[in-house]
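Residue-level listing of the chains:
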Amino acid sequence: MQLIDGKSLAAKVQQNVAEEVEQLKQEKNIVPGLAVILVGDDPASHAYVKMKAKACEKVGFYSITHNMPDTISQDEIIEIIEMMNNNPHIDGILVQLPLPKHIDTDKILEVIDPRKDVDGFHPYNVGRLVTKLDSFVACTPLGVMKMFEAYDIDLKGKDVCVVGASNIVGKPMASLLLNADATVTVTHIHTKDLSAHTSKADIIVVGVGVPGLIKADMVKEGAIVIDIGINKLDDGRLVGDVAFDEVAPKCSYITPVPGGVGPMTIAMLLSNTLKSAKQRA
Ligand code: GUN
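What counts as what
- Residues numbered from 1 in each chain as written.
- Predicted model: local features only at pLDDT ≥ 70, side-chain atom pairs only at ≥ 80, totals over all residues.
- Heavy atoms only, no water.
- Helix = DSSP H or I, 4+ residues; strand = E, 2+ residues; numbered from the N terminus.
- Rg over C-alpha atoms; globule rule 2.2 N^0.38 Å.
- Buried < 20%, exposed > 50% of the residue type's maximum accessible area, 1.4 Å probe, protein only.
- Areas by Shrake-Rupley, 256 points an atom, 1.4 Å probe, with all protein chains shown as cover.
- Phe/Tyr/Trp six-rings, centres within 6.5 Å; stacked < 30°, edge-to-face > 60°.
- Lys NZ or Arg CZ within 6 Å of the ring centre and 35° of its normal.
- Near = heavy atom within 4 Å.
- Polar contact = N/O pair within 3.5 Å; in protein donor to acceptor, adjacent residues only side chain to side chain.
- Nonpolar A, V, L, I, M, F, W, Y, C, P; charged D, E, K, R; others polar.
- Pairing = 2+ DSSP bridges.
- Salt bridge = Lys/Arg side-chain N within 4 Å of Asp/Glu carboxyl O.
- Axes fitted to C-alpha atoms, helices over the stretch in contact; angles between N-to-C directions.
- Left-handed = near helix turned anticlockwise from the far one by under 90°.
- Contact = heavy atoms within 4.5 Å.

Q: Would you mind showing me how to read the overall build of the protein here?
A: Helices and strands together make up the secondary structure of the protein, namely ten helices and eleven strands. A compact globule built from 281 residues would reach a C-alpha radius of gyration of about 19 Å, and the protein, at 19 Å, matches this within 12%. Each principal axis of the C-alpha atoms in the protein carries an extent, and together these give about 50 × 45 × 40 Å. Sorting the 281 residues of the protein into buried and exposed places 50% on the buried side. About 13,700 Å² of surface is accessible on the protein, with carbon and sulfur atoms providing 53% of the total.

So, in structure tokens, the structure goes:
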């Protein structure tokens, strides 16, 4: 069993981004800029946004966070996005999800200029991803693909089971895997027999937010298991969606939580924002 070390891989990506930022500054006088819009006071969202801002600072980006109360109206959020769309110093716009219930998330995401959609959630970018055209791709699934690449894991013809069908993770993950010639099964909350699908898979990618959902008897011997879940238990421990201790001995590769996919998500946000800034240049 080999651990896939997302933490050190993410550090390498960040180092490369920092070097390219320096070059952009020197050669084109351009500083990549990221605008984050955070609504409400969900502690997890605040923690994620703080990590994103810190990472931006570390690689030399300009970043601003619009910290808005959850009483904000949909039109006011749209106004902020339009301001950022028109701001020449901003290359990436990220609206932290989830948004409060009175806000129509789909509507908000559609207002973001697709050229600044570093989260890859705009239907324009989603459509381009599905058709295998160059696009901004959602950061978490993109980070998983980088992990496969870094560990020379060949996806062609592999049976991959994606557990969870969200717009943020499961659906773009499935598209990327399909584009890489894997045979993809997507399971979700209404799947009749989850184990029937996971136990046949060469690779399992799970991101649903249910601690310990994937148990040893659901995993084939020698499988590769990618755990996207980040769950905080009552005792404060951070765990994934995989019962790590019992599953790990059966795997050829497995990602830990923390230190697996999480750091890669932030690294890909930086990488997408740099990509946008280079397109501006
Ligand atoms: N909420 C959970 N994951 C994400 C993400 O990748 N991007 C944004 N904007 N919100 C999230």
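The structure having been displayed, the exposition proceeds.
Q: Looking at this structure, how should I read the packing of aromatic side chains?
A: When we look at a pair of aromatic rings, we describe it by the centre distance and by the angle of the planes. All told, the structure shown has one aromatic pair when counted by the stated rule. Consider the rings of Tyr 151 and Tyr 253, whose centres lie 6.1 Å apart with planes at 75 degrees: the pair is edge-to-face. Here Tyr 253 lies in strand β11 (residues 253-254) and Tyr 151 lies in the loop between α6 (139-150) and β5 (159-163), a separation of 102 residues in the sequence. Seen from the ring of Phe 136, Lys 275 lies directly overhead, with NZ or CZ sitting 5.4 Å from the centre.

Q: Please clarify how the site of the ligand should be interpreted in this entry.
A: Taken together, Lys 52, Leu 94, Val 95, Gln 96, Leu 97, Asp 119 and Phe 121 are the residues near the ligand. Take Val 95: an N or O atom from its main chain is 2.8 Å from a nitrogen atom of the ligand. Leu 97 is positioned such that a nitrogen or oxygen atom in its backbone is 2.9 Å from a nitrogen atom of the ligand. Relative to its unbound accessible surface of 280 Å², the ligand loses 82% to contact with the protein. Residues of the shell around the ligand, tallied by class, amount to four nonpolar, one polar and two charged.

Q: Before we go on, may I ask you to explain the pairing of strand β7 (residues 203-206) in this structure?
A: Side-chain positions along a regular strand alternate between the two faces of the sheet. Of the two faces of β7, the one lined by Ile 203 and Val 205 and the one lined by Ile 204 and Val 206 are each fully buried. Of the strand pairs in this sheet, β5 and β7 are connected by four bridges, and their pairing is parallel. Along β7, the bridge assignment pairs Cys 161 with Ile 204. Note that β7 and strand β8 (residues 224-227) share four bridges and pair parallel. Residue pairing across strands places Val 206 opposite Asp 227, the latter belonging to β8.

Q: Is there a simple way to think about the pattern of salt bridges in this case?
A: Once the charged atoms of two side chains with opposite charge are near each other, the side chains can pair. Considering all chains together, one arrives at seven salt bridges under this definition. The partner of Lys 278 in a salt bridge is Glu 20, with the nearest N and O atoms 2.5 Å apart. Within this pair, whereas Lys 278 is found in helix α10 (residues 261-280), its partner Glu 20 is found in helix α1 (residues 6-28), the two being separated by 258 residues in sequence. A relative accessible area of 41% means that Lys 278 is categorised as partly exposed. On the accessibility criterion, Glu 20 (31% relative accessible area) is partly exposed. Of the charged contacts, one joins Lys 275 and Asp 134 as a salt bridge, the two residues approaching to 3.0 Å between their closest N and O atoms. With Lys 275 in helix α10 and Asp 134 in the loop between α5 (123-130) and α6, this residue pair connects regions lying 141 residues apart in the sequence.

Q: Looking at this structure, I do not really get the packing of α6 against helix α7 (residues 170-179). What am I missing?
A: For any two helices packed against each other, the geometry is given by the interaxial angle and the distance between the axes. Closest axis-to-axis distance for the α6/α7 pair is 9 Å, and the angle between their directions is 35 degrees. Read as a crossing pair, α6 and α7 show a hand that is right-handed. Packed against α6, whose contacting residues are Pro 141, Leu 142, Val 144, Met 145 and Phe 148, the element α7 presents Pro 172, Met 173, Leu 176 and Leu 177 at the interface. Residue composition of the contact of α6 with α7, grouped by class: nine nonpolar, no polar and no charged.

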